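Residue-level structural notes
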Amino acid sequence: MRLFMISGACGSGKSTMKDALTEIMNPARYACIDIDEVGFYWCDYAGTDHEFKYHDDCIAEAVKRAGDRDLIFVSCTNPQDFIGKHVLPEEVDSTVFIILNPTDEAIWARLRARPAERGFTSDDKIEPHVGYNQWFRRNRGKFPLVIDNTDQTIDETAAIIKRFAESFRGSE
């Protein structure tokens, strides 16, 4: 199984992209799963001596649900943490990071537009996510696909990811 990790800062469009990819990817070959769908909750791990297990458990459950299909997993997983701290299920043969990296202005606007219950209620709460977005931009050469989706439609971005994922298998 190939694991495609779609990552980026909050507000970069990850969950929106997961929904779009679910509509256009061949479901016999690809499982599109968002970390929020696997049934584990960060608050159950936060502040414990096993915080790192949150992503391990989420990925393991997503891999289980994917079965023998390649997995497109949507999460804000930090690639540095992923490589250094996490253990993958043995079914995963390779991991490919896809980064959504709109402009910082787009992140500010998208997070400010979210409902208050999502927690982005002040600039102090948004600023770290903009900083994370900047980290991806500074390190863009380390990833095989980085997409500035600021001025692209959802369908345009999804089509880029679809072509990229399918290039690993040949034509559908």
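Described in the following lines is the structure provided in the data block. (Residues numbered from 1 in each chain as written. Predicted model: local features only at pLDDT ≥ 70, side-chain atom pairs only at ≥ 80, totals over all residues. Heavy atoms only, no water.)

What follows covers the sheet that holds strand β2 (residues 30-34). The strand order across the open sheet built from five strands is β2-β3-β1-β4-β5, with neighbouring strands paired in parallel fashion. Looking at the sheet topology across the chains shown, the edges are occupied by β2 and β5 (145-147). On average, each strand axis in the sheet is tilted by 20 degrees relative to the strand beside it, whichever way the strands run. Of the strand pairs in this sheet, strand β4 (residues 94-100) and β5 are connected by three bridges, and their pairing is parallel. Considered in β5, the bridge of Ile 99 is made with Val 146. Packed on one face of the sheet, helix α2 (residues 53-66) meets β1 (2-7), β2 and β3 (70-74) and runs near 140 degrees to β3. (Pairing = 2+ DSSP bridges. Helix = DSSP H or I, 4+ residues; strand = E, 2+ residues; numbered from the N terminus. Axes fitted to C-alpha atoms, helices over the stretch in contact; angles between N-to-C directions. Contact = heavy atoms within 4.5 Å.)

Regular strands show a simple pattern: their side chains alternate between the two faces of the sheet. Within β2, five of the five residues are buried, which leaves the element mostly enclosed by the surrounding structure. With burial as the criterion, each face of β2 is covered, one bearing Tyr 30, Cys 32 and Asp 34 and the other bearing Ala 31 and Ile 33. Note that the unit made of β2, α2 and β3 has a crossover that is right-handed. (Buried < 20%, exposed > 50% of the residue type's maximum accessible area, 1.4 Å probe, protein only. Right-handed = clockwise from strand over helix to strand, strands pointing away.)

Taken as a whole and judged by the stated rule, the model has nine salt bridges. Where Asp 19 meets Lys 18, a salt bridge forms, and the shortest distance between an N and an O atom there is 3.8 Å. In this structure Asp 19 comes out as partly exposed when scored by relative accessible area, which is 45%. In this structure Lys 18 comes out as buried when scored by relative accessible area, which is 9%. Between Lys 18 and Glu 37 there is a salt bridge whose closest N-O contact spans 2.8 Å. Linking Lys 18 in helix α1 (residues 14-24) with Glu 37 in the loop between β2 and α2, this pair joins segments that are 19 residues apart in sequence. (Salt bridge = Lys/Arg side-chain N within 4 Å of Asp/Glu carboxyl O.)

If you look at the biggest cluster of nonpolar residues, it comprises 33 residues, and the most contacted ones within it are Leu 3, Met 5, Ile 33, Ile 59, Leu 71, Phe 73 and Phe 143. In terms of residue count, the dominant contributor to this core is α2 (six residues). Setting aside chain neighbours within four positions, we find Met 5 in contact with Ile 59, Phe 73, Thr 77, Phe 82, Thr 95, Val 96, Phe 97 and Ile 98. In this structure, Cys 32, Leu 100, Ile 161 and Ala 165 belong to the second largest nonpolar core, which totals 19 residues. (Core = buried A, V, L, I, M, F, W, Y, C linked by side-chain atoms within 4.5 Å.)

Right, let's get into the environment of Glu 91. By secondary structure assignment, the location of Glu 91 is in the loop between α3 (79-85) and β4. Taking relative accessible area as the criterion, Glu 91 reaches 43% and is therefore assigned partly exposed. Spatially, the C-alpha atoms of Glu 91 and Lys 53 are 18 Å apart, while their sequence positions differ by 38 residues. Excluding residues that lie within four positions of it along the chain, Glu 91 makes contacts with Met 1 and Val 63.

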